[in-house]
Amino acid sequence: MQIRVSINAHSFYYGGKFLSKIIDLIRSEIEPIIDQRGDEFVDIEYVKEKGQNYLRIYVDKDQPGGIDINEIADLSELVSEKLDSLDPDPLPDPYVLELSSPGAERPIKSAKDWAKAKGKYVHVGLYQKIDGKKIYEGTLKSHSDEEIELEIKIKTRRKNLNIPRKLIANIRFAIEF
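Residues numbered from 1 in each chain as written. Predicted model: local features only at pLDDT ≥ 70, side-chain atom pairs only at ≥ 80, totals over all residues. Heavy atoms only, no water.

Asker: Can you walk me through the overall build of the protein chain in this structure?
Answerer: Looking only at helices and strands, the protein chain has three helices and eleven strands in total. Traced from its N-terminal end to its C-terminal end, the protein chain shows the element sequence β-β-β-α-β-β-α-β-α-β-β-β-β-β. For the C-alpha atoms alone, the extent of the protein chain along its principal axes is close to 60 × 35 × 30 Å. At a minimum sequence separation of 6, the contacts of the protein chain that also span at least 24 residues come to 53%. (Helix = DSSP H or I, 4+ residues; strand = E, 2+ residues; numbered from the N terminus. Contact = heavy atoms within 4.5 Å.)

Set out below in structure tokens:
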């Protein structure tokens, strides 16, 4: 069984508290450390996989190539120290702390992500089919709270497709081949 809770997830009850509140508390404690180093907080999730708890924190840096492994190692040490100093411990059960880059195909969640995604190649998964398909890849031309405009390729021609935001199950950056 796998349980995932991220900053955009519904609340689950854990140790007498709603897990989303615990995640919010952890985020409020670690985000200043990340910001102070000029890095970007991307996401946080607390998951249980094969009996082991993981606290995963995704960070990036606005530079070519993103965040490097040395910066992640330094941040990991600082975040670990901060989490160990919290009293009471928000996550009393043993867990593995993982800090990593979200990768080149990171999910698009925040307003900053949406701004970066404009004009970029993205992968869109839908809750229901549009024109017979639930998955599209193309260039994000525009977005609003109601819909996105995606330029897709159909063989040798290009077509603009408007997709209602409420139909989008997930959207992430993609690598065009």
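Asker: It is not clear to me how the layout of surface pockets should be interpreted in this structure. Could you clarify?
Answerer: Remark: the empty space left among the atoms is shown by a probe the size of a water molecule rolled over them. Estimates place the volume of the largest pocket at around 290 Å³. Around the largest pocket, the lining comprises 14 residues; the ones closest to its centre are Asp 60, Gly 103, Ala 104, Arg 106 and Lys 116. Considered class by class, the residues forming the lining of the largest pocket number three nonpolar, five polar and six charged. The volume enclosed by the second largest pocket comes to roughly 240 Å³. Residue lining of the second largest pocket: eleven residues in total, with Ile 108, Ile 168, Ala 169, Asn 170 and Ile 171 positioned closest to the centre. The element contributing the most residues to the lining of the second largest pocket is strand E11 (residues 168-173), with four residues. Grouping the amino acids of the lining of the second largest pocket by side-chain chemistry returns seven nonpolar, two polar and two charged. (1 Å grid on protein atoms, 1.4 Å probe; cavity = no way out; pocket = protein on both sides within 12 Å on 5 of 7 lines; lining within 4 Å. Points joined across faces, edges and corners; volume = space filled by probe spheres on them. Nonpolar A, V, L, I, M, F, W, Y, C, P; charged D, E, K, R; others polar.)

Asker: Just checking my understanding: could you explain the pairing of strand E5 (residues 52-60) for this structure?
Answerer: Each regular strand shows side chains that alternate between the opposite faces of the sheet. For E5, the buried fraction is high: eight of the nine residues fall into the buried class. Between strand E4 (residues 40-49) and E5, which pair antiparallel one after the other, the connecting turn spans two residues, and Lys 50 there sits at a positive phi close to 50°. Pairing geometry for E5 and strand E6 (residues 96-100), over five bridges, is parallel. When the bridges of E6 are listed, Ile 57 appears paired with Leu 99. As for the winding sense of the linkage, the β-α-β connection from E5 through helix H2 (residues 69-85) to E6 is right-handed. (Buried < 20%, exposed > 50% of the residue type's maximum accessible area, 1.4 Å probe, protein only. Pairing = 2+ DSSP bridges. Right-handed = clockwise from strand over helix to strand, strands pointing away.)

Asker: How should the pattern of salt bridges be read in this particular structure?
Answerer: It is possible for side chains of opposite charge to pair when their charged atoms get near one another. Counted by the stated rule, this structure contains 17 salt bridges. Notably, a salt bridge pairs Lys 116 with Glu 40, separated by 3.1 Å at the nearest N-O pair. Residue Lys 116 is located in helix H3 (residues 111-117), and its partner Glu 40 is located in strand E4; the two are separated by 76 residues in the primary sequence. For Lys 116, a relative accessible area of 27% translates into the label partly exposed. (Salt bridge = Lys/Arg side-chain N within 4 Å of Asp/Glu carboxyl O.)

Without other data, these values stay purely geometric and don't point to any function.
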